Amino acid sequence: MAVPSTEVQQRAEELRTTLNQYAYEYYVKDQPSVEDYVYDRLYKELVQLETDYPQLVTEDSPTQRVGGIVLPGFEKVIHDIPLYSLNDVFDKEEIIAFDARVQKALGRAVDYVCELKIDGLSISLKYENGRFVRGATRGDGTVGENITENLKTVKSIPLKLKEPVSLEVRGECYMPKASFIRLNQVREEEGLEVFANPRNAAAGSLRQLDTRIAASRNLSTFLYTLADFGPIEAHDQFSALDELDSLGFRTNHERRLCRTIDEVWAYIEEFHEKRSELPYEIDGVVIKVNDFSDQDTLGFTVKAPRWAAAYKFPPEEAETTIEEIEWT
Ligand SMILES: NC(=O)c1cnc(OC2CCCC2)nc1N
């Protein structure tokens, strides 16, 4: 096998770094800094170098995002830290009661963080020395499935963090509404069964044993929990979300720090209105006591934290598409 010169090795490294930065801006920050053709030209150059010198391929190379292996099955994963579910609430009275329980237990009022409740599937991502080493589904909260190879094709999941830290984070993997509509149009044309909703489409995509299929489904993520903090210092949820940003993860920036339940309710009403305009599906709002020591004081019931509640929106009336409107 031909040995690459130092210049060629340096060029490959330079291409990888530049392409990964462009991909980060596009898929994580939603703020591309170059046109697609600039990315495509550099990408083609890297593919050529890696074809001429396969030893140049690294696991965080952008060329590894396209998938290409067919797994025999998914191994089981035991979550050291369980993935909890959430207690649902359905109206303002229940939110006021939630706040009353929190204040009674802590003896004072607290700040809350409101986050949009993304309607995808929960994933857990493990990193060792900054490298993505394992991705898993929630499963039953304790035992999930190892879907690392499929999650490596999800462009918003960093293969290498900005710091060489070891930690575990959790969040949601979802399919954007536009990708869902396009996928179902193609499946309809191909006489395949269509997906009922973006959540099922995302779950179906991550259950594929051929990683090229997951790579083709334009899945994305919003991360929201630092599970194993590693060396990260964060004392509350709102700053933990900023830490996730600084490590290179994609987080949802509609989050809001609320000082009172009235502000929580205003956030809920605002996003009940805005729900249909969002490029991703949500099924409610997650309300969390912000301070981590308060969360520890409140603890968990058997299945869910006492320091969080999921306000569920009523099911969205199915948006009529142009074809469905009866033209009298
Ligand atoms: N679907 C979501 O967007 C979502 C789900 N869960 C949580 O937090 C849970 C995780 C640990 C206890 C509270 N936050 C979210 N944003």
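Residues numbered from 1 in each chain as written. Predicted model: local features only at pLDDT ≥ 70, side-chain atom pairs only at ≥ 80, totals over all residues. Heavy atoms only, no water.

Undergrad: Before we go on, may I ask you to explain helix α1 (residues 6–28) in this structure?
TA: Think of an α-helix as 3.6 residues a turn; residues three or four steps apart then line up on the same face. Counted at 1.5 Å a residue, the expected span for α1 with its 23 residues is 33 Å, and the 32 Å between its end C-alpha atoms agrees. Among the residues of α1, Val8, Ala12, Leu15, Arg16, Leu19, Tyr22, Ala23, Tyr24, Glu25 and Val28 are the ones counted as buried. Against the buried residues of α1 lie α2 (36–52) and α8 (237–247). Of the residues flanking the end of α1, it is Asp30, one or two places downstream, whose phi is positive at about 55 degrees. (Helix = DSSP H or I, 4+ residues; strand = E, 2+ residues; numbered from the N terminus. Expected span 1.5 Å × (residues − 1). Buried < 20%, exposed > 50% of the residue type's maximum accessible area, 1.4 Å probe, protein only. Contact = heavy atoms within 4.5 Å.)

Undergrad: Help me understand the side chain of Arg255, please; the structure alone is not making it clear to me.
TA: Take Arg255: it is sitting in the loop between α8 and β9 (256–258). Of note is the side chain of Arg255, whose polar atom sits 2.8 Å from the side chain of Asp245. A polar atom in the side chain of Arg255 sits 3.1 Å from the backbone oxygen of Asn252. Those residues in contact with Arg255, other than ones at most four positions away along the chain, are Cys114, Glu115, Phe238, Leu241, Asp242, Asp245 and Tyr267. (Polar contact = N/O pair within 3.5 Å; in protein donor to acceptor, adjacent residues only side chain to side chain.)

Undergrad: Can you help me understand the site of the ligand in this one?
TA: Looking at the ligand, the residues that line it are Leu86, Glu115, Leu116, Lys117, Ile118, Glu172, Tyr224, Thr225, Val286, Lys288, Pro305 and Trp307. Within the side chain of Glu115, an N or O atom sits 3.0 Å from a nitrogen atom of the ligand. Mapped onto the shell around the ligand, the elements with two or more residues apiece are β3 (112–118), β8 (220–228) and β10 (282–289). Here the shell around the ligand is composed, by residue class, of seven nonpolar, one polar and four charged. (Near = heavy atom within 4 Å. Nonpolar A, V, L, I, M, F, W, Y, C, P; charged D, E, K, R; others polar.)

Undergrad: What is the right way to look at the packing of aromatic side chains in this model?
TA: What describes a pair of aromatic rings is the distance from one ring centre to the other and the angle between the planes of the rings. Per the stated rule, a full pass over the model turns up 14 aromatic pairs. Ring geometry for Tyr267 against Phe271: centres 4.8 Å apart, planes inclined by 45 degrees, an arrangement best described as tilted. Taken together, the positions of Tyr267 and Phe271, both in helix α9 (residues 261–274) and four residues apart, correspond to about one turn of that helix. The pair Tyr267 / Phe271 is uniform in exposure class, with both members buried. Above the ring of Phe271, the side-chain terminus of Lys274 is found at 5.0 Å from the ring centroid. (Phe/Tyr/Trp six-rings, centres within 6.5 Å; stacked < 30°, edge-to-face > 60°. Lys NZ or Arg CZ within 6 Å of the ring centre and 35° of its normal.)

Undergrad: Explain the sheet that holds strand β4 (residues 121–128) to me, please; I cannot follow it from the model alone.
TA: Sheets are built from strands paired through backbone hydrogen bonds, the pairs being either parallel or antiparallel. Here we have four strands laid out as an open sheet, ordered β5-β4-β7-β8, and antiparallel in their pairing. Across the chains shown, the open sheet's two edge strands, defined by having one partner strand only, are β5 (131–137) and β8. Adjacent strand axes in the sheet meet at a mean angle of 30 degrees, parallel and antiparallel pairs treated alike. Sheet topology places β4 next to strand β7 (residues 167–174); seven bridges connect them, and they run antiparallel. (Pairing = 2+ DSSP bridges. Axes fitted to C-alpha atoms, helices over the stretch in contact; angles between N-to-C directions.)

Undergrad: Quick question: what am I supposed to make of the nonpolar core here?
TA: Across soluble globular proteins, you tend to see nonpolar side chains buried next to one another. Within the largest apolar cluster, 37 residues are counted, with the highest numbers of intra-cluster contacts made by Leu125, Leu151, Leu167 and Phe249. Looking at this core, the elements that each hand over two or more residues are β4, β7, α5 (177–189), α6 (198–206), β8 and α8. Ignoring sequence-local partners within four residues, the contact set of Leu167 consists of Leu125, Lys126, Tyr127, Leu161, Leu226, Asp228, Phe229, Gly230, Ile232 and Leu247. One finds Tyr112, Val289, Ala309 and Tyr311 within the second-largest nonpolar core, a separate group that totals 31 residues. (Core = buried A, V, L, I, M, F, W, Y, C linked by side-chain atoms within 4.5 Å.)

Undergrad: What should I look at first to understand the pattern of salt bridges in this one?
TA: Working definition: two side chains of opposite charge can pair if their charged atoms are close together. Per the stated rule, a full pass over the model turns up 22 salt bridges. The partner of Arg255 in a salt bridge is Asp242, with the nearest N and O atoms 2.9 Å apart. Of this pair, Arg255 sits in the loop between α8 and β9 while Asp242 sits in helix α8, and the two are 13 residues apart along the sequence. A relative accessible area of 40% places Asp242 in the partly exposed class. A network of salt bridges, in which partner residues are shared, links Asp80, Lys126, Glu168 and Arg170. (Salt bridge = Lys/Arg side-chain N within 4 Å of Asp/Glu carboxyl O.)

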